[in-house]
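# Per-entry structural report
Here is how the chains run, residue by residue.
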Amino acid sequence: MSSKLRVFIAGHNGMVGSAIVRQLAKVENIEVITRTRKELDLTNQQAVLSFFQEQQIDQVYLAAAKVGGIVANNTYPADFIYENLMIQCNIIHSAHLANIQQLLFLGSSCIYPKLAEQPMKETALLTGTLEETNEPYAVAKIAGIKLCESYNRQYGRDYRSVMPTNLYGAFDNFHPENSHVIPALLRRFHEAKLNGDTEVVAWGSGKPMREFLYVDDMADASIYVMNLAKETYAESTESMLSHINVGTGVDCTIRELVETVAKVVGFNGSIKFDATKPDGAPRKLMNVNRLKSLGWQYSVDLEKGLELAYSWFVNNPTNFRK
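Residues numbered from 1 in each chain as written. Predicted model: local features only at pLDDT ≥ 70, side-chain atom pairs only at ≥ 80, totals over all residues. Heavy atoms only, no water.

### Some remarks on helix 4 (residues 77-97)
Working note: α-helix, 3.6 residues per turn, so residues spaced by three or four point in the same direction. Using the following cut-off: Only DSSP runs of H or I covering at least 4 residues are called helices, and only runs of E covering at least 2 are called strands; the numbering of each starts at the N terminus. To estimate the expected span of a helix, subtract one from its residue number and multiply by 1.5 Å. Burial status follows relative accessibility: with a 1.4 Å probe on protein chains alone, a residue under 20% of its type maximum counts as buried, one over 50% as exposed, and anything between as partly exposed.
Given a rise of 1.5 Å per residue, 21 residues ought to cover 30 Å, and the 30 Å separating the end C-alpha atoms of helix 4 matches this to within 8%. Looking only at helix 4, the buried set comprises F80, N84, I87, Q88, N90, I91, I92, S94, A95 and H96.

So, in structure tokens, the structure goes:
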């Protein structure tokens, strides 16, 4: 039998999951276990249970999820709530039945109320109405937190949750309609540069403020939180408020983001902001004091992260067609 720790990353082909795989693959005493969607349907309860019972997994990173931007969330609300609930319930319950003690659930900053006080503390959870456009997805993510907490309380498991801010980087989704703001902007400015366009139009006034975290920093934070001593994690959280925010604690205006993307891509034309388009919430910033107190903080600033993300995009041309 192998003496290595067998670690399963659910969602290893996704942006965050692949970053976790890259980092864990460098650790000598860890054996990374993955399965493609064809090999293991995470929405199939029996398939997931059988997998865990057969594989003798030691740790689970639950990074698998159906994700998308505002258009996708608005268009496919039933898909978002159903698939995410099924994935989470199957993995967390099956991990428990297979006597797996350690699991890390990756959530989202959209769990917090639409009008949450800024920067958003972990204590803001369930204190107000969610943003309407992604409420189904947010409800599923909140359920994931509560699943972890419930198995901890009832069965003494060590299931933890981290809530990232807006993420970007390698293996992001660059779909022209279903992607998030950074990959959408990188693609738009890149194509404008290739086409010789003299102007790019950005939606909204440019005034809202947003926080962004490079995906490799998120992977590093996830591994850090997973490996904290159980007593340390318990002392820094509460049994019914056990999740930890992951972010930079630094935000910028959308105008600043757009101008930085243009600089990184090398687009020299003009930028116009279409104020007739919606701005969304005026600000979304995470309070990351809990994670800082545990000894972790980000290392990749926004401009450097954008350079890395753009480099990956241009070197992986199949993403142009997504």
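### Points about the pattern of salt bridges
Selection criterion: Any carboxyl oxygen of Asp or Glu within 4 Å of a side-chain nitrogen of Lys or Arg constitutes a salt bridge here.
Going through the model one piece at a time under the given rule, you end up with 9 salt bridges. The partner of R160 in a salt bridge is D158, with the nearest N and O atoms 2.9 Å apart. On the accessibility criterion, R160 (1% relative accessible area) is buried. As a salt-bridge pair, D274 and K277 come within 3.0 Å of each other at their nearest N and O atoms.

### Focus: the packing of aromatic side chains
Between two aromatic rings, the relevant description is the distance of the centres plus the angle of the planes. To keep things clear, this is the line we draw: Stacked, tilted and edge-to-face are the three classes applied to pairs of Phe, Tyr and Trp rings, where Trp contributes its six-membered ring and a pair requires centres within 6.5 Å; stacked means planes under 30 degrees apart, edge-to-face means over 60, and tilted covers the rest. To sit over a ring, a charge needs its Lys NZ or Arg CZ within 6 Å of the ring centre and within 35 degrees of the ring normal.
Within this structure, the stated rule accounts for 11 aromatic pairs. Taking the centre distance of 6.2 Å and the plane angle of 20° together, the rings of F174 and W312 count as stacked. Taken together, the positions of F174 in the loop between strand 6 (166-168) and helix 6 (181-195) and W312 in helix 11 (residues 302-314) put the pair 138 residues apart, joining distant regions of the chain. An identical accessibility class is assigned to F174 and W312; each is buried. For K66, the ring lying beneath its charged end belongs to F80, and the centroid distance is 5.3 Å.

### Overview of the sheet that holds strand 1 (residues 5-10)
Put simply, the test is: Only when DSSP finds a minimum of two bridges between them are two strands counted as paired. Every angle, taken between N-to-C directions, lies between 0 and 180 degrees, and every axis is a line fitted to C-alpha atoms, over only the stretch in contact when it is a helix.
Ordered in space as 2-1-3-4-5-10, the 6 strands form an open sheet in which the pairing is parallel. Strands at the two margins of the open sheet, each flanked by one partner only, are strand 2 (30-33) and strand 10 (244-246). The average angle at which neighbouring strand axes cross in this sheet is 20°, direction not considered. As defined by bridge partners, strand 4 (residues 102-106) adjoins strand 5 (residues 158-164) across 5 bridges and the pair is classed as parallel. Of the residues in strand 5, the one forming a bridge with Q102 is D158.

### Description of the nonpolar core
The line we're drawing: Definition of nonpolar core: a set of buried residues of the types Ala, Val, Leu, Ile, Met, Phe, Trp, Tyr and Cys, connected through side-chain atoms within 4.5 Å. Any two residues whose heavy atoms approach within 4.5 Å are treated as being in contact.
In this structure, F8, F52, I91 and L103 are the most contacted members of the largest nonpolar core, which totals 41 residues. For this core, the secondary structure elements donating two or more residues are strand 1, helix 2 (45-55), strand 3 (59-62), helix 4, strand 4, helix 5 (135-155) and strand 5. When residues in this core are grouped by element, the largest group, 7 residues, is from helix 5. Filtering out sequence-adjacent residues up to four positions away, I91 remains in contact with A10, L42, V48, F52, V60, L62 and L103. Counting 29 residues, the second-largest nonpolar core is a separate cluster that includes L24, M218, L294 and W296.

### A short note on the pairing of strand 4
Heads up, the condition is: We call a crossover right-handed when, viewed with both strands directed away from the observer, the connection leading from the first strand over the helix to the second proceeds clockwise.
Counting buried residues in strand 4 gives 4 out of 5 residues, a clear majority hidden from the surface. Where strand 3 lies against strand 4, 4 bridges are found, and the strand directions are parallel. Note that in strand 4 the partner of V60 across the bridge is L103. Crossover connection from strand 4 via helix 5 to parallel strand 5: handedness right-handed.

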